[in-house]
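# Close look at the chain arrangement
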Amino acid sequence: MASGDSDSSKNGLLPTSRSGRHHLDMESGAKVRFPAEFVDGKASKSDDHHHDDDDPFDIAHTKNAPPATLRRWRQAALVLNASRRFRYTLDLKKEEEKDSRRRMIRSHAQVIRAALLFKLAGERETGLGTKVTPPTPSGDYGIGLEPLVSLTREHNTSALQQYGGVKGMSSLIKTNLEKGIDGDEADLVYRRNVFGSNTYPQKKGRSFLRFLWEAWQDLTLIILIIAAAVSLALGIKTEGLAHGWYDGGSIAFAVFLVIIVTAVSDYRQSLQFQNLNEEKQNIQLEVMRGGRTVKISIFDIVVGDVVPLRIGDQVPADGILITGHSLAIDESSMTGESKIVHKDQKAPFLMSGCKIADGVGTMLVTSVGINTEWGLLMASISEDNGEETPLQVRLNGLATFIGIVGLTVAALVLAVLWFRYFTGHSKNTDGSVEFEAGKTSLSKAVDGAVKIFTIAVTIVVVAVPEGLPLAVTLTLAYSMRKMMADKALVRRLSACETMGSATTICSDKTGTLTLNQMTVVEAYVGRNKIHPPDDSSQLHSLVSTLLSEGIAQNTSGNVFEPEGGEVEISGSPTEKAILSWAVKLGMKFNAIRSESMILHVFPFNSEKKRGGVALKGSDSKVHIHWKGAAEIVLDSCTEYLDSNGCLQDINQDKDFFKAAIDGMAASSLRCVAIAYRPYELDKVPTEEENLSQWALPEDSLVLLAIVGIKDPCRLGVKDAVRLCTEAGVKVRMVTGDNLQTAKAIALECGILCSVEDATEPNIIEGKTFRELSEKEREEVAQKITVMGRSSPNDKLLLVQALRKGGDVVAVTGDGTNDAPALHEADIGLSMGIQGTEVAKESSDIIILDDNFASVVKVVRWGRSVYANIQKFIQFQLTVNVAALTINVVAAISSGRVPLNAVQLLWVNLIMDTLGALALATEPPTDDLMHRTPVGRRAPLITNIMWRNLLIQALYQVVVLLVLNFLGNSILGLKEDSTQAAGVKNTIIFNAFVFCQIFNEFNARKPEELNVFSGVTKNYLFMGIIGVTFVLQILIIQFLGTFTKTVVLDWKQWLICFGIAIISWPLAIVGKLIPVPKTPFSQYCRHAFQPCRQLFQRSRTSRNT
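A few points on the structure. Fair warning: this is a prediction, and the values are worked out from it, not measured in the lab.

A few words now on the overall build of the protein chain. Check the secondary structure of the protein chain and you find 39 helices and 26 strands. Relative to its 1104 residues, the protein chain shows a buried fraction of 57%. Contacts in the protein chain between residues far apart in sequence, at least 24 positions, make up 75% of those at least 6 positions apart. Put simply, the protein chain shows about 45100 Å² of open surface, and 57% of that area lies on carbon and sulfur atoms.

Core analysis: the largest hydrophobic core is formed by 120 residues, its most contacted members being I751, I827, I845, F852, I873, I941 and F992. If one sorts the elements of this core by residue count, helix α31 (residues 852-894) sits on top with 17 residues. In this structure, I827 is in contact with A495, T498, M499, A502, V808, V809, A810, V811, D844 and I845, ignoring residues within four places of it in sequence. Ranked by size, the runner-up nonpolar core spans 41 residues in total, among them I143, L285, V315 and A317.

Our next topic: the packing of aromatic side chains. Taken as a whole, this structure holds 21 aromatic pairs when the rule is applied. Ring pairing ties together the aromatic residues F994, F998, F1001, F1012, F1021, F1029, W1053, F1057 and W1064, which thus form one cluster. Here R527 stacks its cationic end above the ring of F656, 4.3 Å away from the centre of that ring. Positioned above the aromatic ring of F1021, the side-chain terminus of R1004 is 5.5 Å from the ring centre.

On the surface, V889, L954, V958, V962, F965, L966 and I970 cluster together to form a nonpolar patch covering roughly 610 Å² of accessible area. Tracing the chain through its elements places F965 in helix α33 (residues 943-971). Look at F965 and you get partly exposed, because its relative accessible area is 42%.

Across the 13 residues that make up strand β4 (residues 318-330), a large majority, ten, are buried. As paired elements, β4 and strand β7 (residues 355-367) share ten bridges and run antiparallel to each other. Counted as the bridge partner of I320 is L364 from β7. Bridging between β4 and strand β6 (residues 349-350) involves two bridges; their strand directions are antiparallel. Paired with I320 across the bridge in β6 is F349. Bridge count for β4 against strand β5 (residues 340-342) is three bridges, and the pairing is antiparallel. Within the sheet, the bridge partner assigned to I329 lies in β5 and is V341.

Right, let's get into the sheet that holds strand β24 (residues 809-813). Read from one edge to the other, the open sheet built from eight strands follows the order β8-β26-β25-β24-β9-β21-β23-β22, with strand pairing classed as mixed. Two strands in the sheet have a free side with no partner beyond their single neighbour: β8 (488-490) and β22 (763-765). The average angle at which neighbouring strand axes cross in this sheet is 20°, direction not considered. Pairing analysis gives four bridges linking strand β9 (residues 504-507) to strand β21 (residues 730-734), with the strands arranged parallel. Considered in β21, the bridge of T504 is made with K730.

The residue I296 is located in strand β2 (residues 292-297) in this model. Along the primary structure I296 and Q284 are separated by twelve residues, whereas in three dimensions their C-alpha atoms are 5.6 Å apart. Beyond its immediate chain neighbours, meaning those up to four positions away, I296 contacts I283, Q284, L285, V287, R289 and I301.

In terms of residue burial, helix α6 (residues 165-172) counts as a mostly covered element, since six of its eight residues are buried. Every buried residue belonging to α6 is among G165, V166, G168, M169, S170 and L172, and all of these are buried. Its buried side turned inward, α6 meets α4 (145-153), α5 (157-162), β4 and β7.

Before going further, it helps to spend a moment on the pattern of salt bridges. The final tally for this structure, using the stated rule, is 28 salt bridges. D305 is the partner of R289 in a salt bridge, and the nearest nitrogen-oxygen pair spans 2.8 Å. Within this pair, whereas R289 is found in strand β1 (residues 284-289), its partner D305 is found in the loop between β2 and β3 (306-309), the two being separated by 16 residues in sequence. The same class applies to R289 as to D305, namely buried. R770 is paired through a salt bridge with D794; the nearest N and O atoms lie 2.7 Å apart. In this pair, R770 is assigned in helix α26 (residues 766-770) and D794 in helix α28 (residues 792-804), connecting sequence segments 24 residues apart. Accessibility expressed as a relative area gives 0% for D794, which makes it buried. Via salt bridges that share partners, D508, K795 and D818 belong to a single interconnected network.

Parameters at a glance
Residues numbered from 1 in each chain as written. Predicted model: local features only at pLDDT ≥ 70, side-chain atom pairs only at ≥ 80, totals over all residues. Heavy atoms only, no water. Helix = DSSP H or I, 4+ residues; strand = E, 2+ residues; numbered from the N terminus. Buried < 20%, exposed > 50% of the residue type's maximum accessible area, 1.4 Å probe, protein only. Contact = heavy atoms within 4.5 Å. Areas by Shrake-Rupley, 256 points an atom, 1.4 Å probe, with all protein chains shown as cover. Core = buried A, V, L, I, M, F, W, Y, C linked by side-chain atoms within 4.5 Å. Phe/Tyr/Trp six-rings, centres within 6.5 Å; stacked < 30°, edge-to-face > 60°. Lys NZ or Arg CZ within 6 Å of the ring centre and 35° of its normal. Patch = residues over 30% accessible without salt bridge, like charges linked within 9 Å, V, L, I, M, F, W, Y side chains within 5 Å. Salt bridge = Lys/Arg side-chain N within 4 Å of Asp/Glu carboxyl O. Pairing = 2+ DSSP bridges. Axes fitted to C-alpha atoms, helices over the stretch in contact; angles between N-to-C directions.

Rendered as structure tokens:
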């Protein structure tokens, strides 16, 4: 769901309080008419600290904005058509309804469970346990759908025990708890037929007819439809049916065309957002089928599947726990309570949609799809794509400001024209007075008044840019589709835009800057370096046995050994590298795992940088194995096994091992130590509850081996880092690896320019940074380039410190514990391959290939969004200013307007839809990455844009007004002739439209002299220009009856072209004119300051 506050923000793993910069405490309903565009000063880092409490459109960061703020800016906007203006913003009313429905479904499930628990407690008290009815077989299975669903939904442990626990249940649904189901196609189809598929009926998206219905419910269009109907009636009455329908029919057809184009555009965007939602829901996960780990879509899960669960995973369906160690579930998405629930054999039921907060385990799937509470919940609510973006809010402010000006001008024109008409100053083309008091009939007077009203309405249509905020959505929708091709899945629309303002990227090392293709290339056993590292002949049998036992049992990976085939290894890249090394040393994975029993597991923890397991062998001896960051595990070791299998005291050789670790780290290797210790069986807790709380001993360890794992840098990452640096975006590496390894990789990637740069605080350990005071952290954060041995909390502290310093921070993360940093950052980037579901849900964009180069592409697209919106604003405002000025001056001076209702509607169509489509879909250029980041409060209309649009608008106004007043003599037409007036007005209209077509090229490159570079590669732009050009010719040559134009000869066409084509050299000359550095908006702010102060004083006095 693309809302500002998704369910992930309620996740117990995330911070409940938000940053003060996010929480703008604004009163709902306050109305201010000065948009941020006209009150902002220079854009700089420090701007992000100062927002204007009195400006509802000043929301620099909508990511976690409270509903009161969102409601406030909507109420402050001047809107003629709310359904159009707010089409892709969050529907606050629907959000409330959705939350209400969620709460209802959750409470219903809790009531059922509470009733069952009460019943079971009563039965235990009285000793009258209810015998569960034996399961009714269903087809080849020993239990049917209904009892299976009710067992899981009601969390009926009593029934589960009577079925024989999880083992009994697995035999009923024909599953092997260790190997899973066979997974052949026939078996999968049969299971789906009997128990259902893991999908739920989704609410259908709105049909095209629905979009048509919404498109015509536009206040301006309704007024035009009324004006068309009245014009039609009066036209038929005065001129007869044969000719009288032209005026009204033309307006009606133009309105119909606008409705169709709007509906088609919105429908296509709706389908695009629908596809995005499907992509977001299509989670990939691992299951055990036929003894091997396979990756499948969540929609392909079936009843009977055995699913491994790791920290950060989403529970894909309802099920029963098979085995688990320290397994903790965050059930907030289902219960609404951010409480972590521990799962074991006493509480084995798992609910679909919940997240694994800690620990590991495996589950047996018992209910899927609509048969789960999550399925019911998801089927009852529809995905809402609505979401504010900062640009959208600011453009609404700009549109409100322009709208006020436009309405004022339209009202002025209406008043002047009516005054001229009713005072007898308006004349027909033949020179006769249009209205004479006492002589003109009532019907003629009304007809004249209605025609004038239609002129005023069309001025409003052109003057109020309702399509301006929609241009953001169009640009974002296009960028989002293209970013998908560049391996970036956008979860939150505003992130595309915010990425253009990013000043720093805090990137992980593993998998993002490196390939994540790990291999063990160095190994030390005792003081001996094993060369090659997989030569088992250099190991003593005792060392080899203990190593194999520790690696096989202390892993979240898996080794599948098919008969006669190649060994298949699955798991994280680090696990795969170590398992692969052990297999080459002769490890028999399945045999070793069957020889000992796991007593307790401490899953790998990114805070402690290690993971451990306690084992009980066939001889009842207990071994505790640890594996983790080499220097951390080494500190816990007191002895080591040498290559002859003899125990040696480690103290005298610790410096040797530390030097070995530093040597491997300096060669960009990840260093992992493997150690163990024997333990007394009688000290192991016997009660399951005590065992689950048992803290594995991590002292007095015996070092078995230290391995160096190579993870090569990605190709092209150095160029990507250089590109970021040139673009003014600082790249910082934040990694859990050894500082020496991090330093070596940073030098290789170009993050550190030289060895001389590799000094504190440029490179720093997470622990050192963590221990600084808040103020010191803010100072040091700006200097940090590499942070090694960092925990997820260190990453969060760094993000907070950088943001307080005014940076716009993008941060990458893949682990569950990265969720707070991803949530806190301006742009959270999670990894599509290695990222957990919790990390993905907390992020704004998912990098599908985990590649840093894809992050840089996102920056390009972010800047492109902003640049394209500015192009469209420049184009639209040029048309606004020119059309308004021409019609106002002509109306006030002569009582007639050269651009009539249908013509202005055509111009509006070119502006709002075709113009937006042409300019909003400009692909990003290399030039974008040679600029500094865009300030989040930088003026939308820069001084360069003001210069460009004023030059073009002034040229159009002067030339077309000269034609309007002196056209007859210039063009050699007869004075006071109806035909001459028709030709003159047609040339004005034609030249005006061609000026916009030619100016569209100028808008492509606001700062460059060559406006044609790359234009032939943008087929959509060329297509739209071509279509507009052809349609304009058709309108003039064949549709003159409807548009009140006449057919032009070739000379007159050349005049129109000549007027329009001058806009190209004029643009080149204009770009040579220097502009001041101080934004024009700052001068406006000073001009409006007295008004603002007066408004604030009056509001303060009202409140007191």
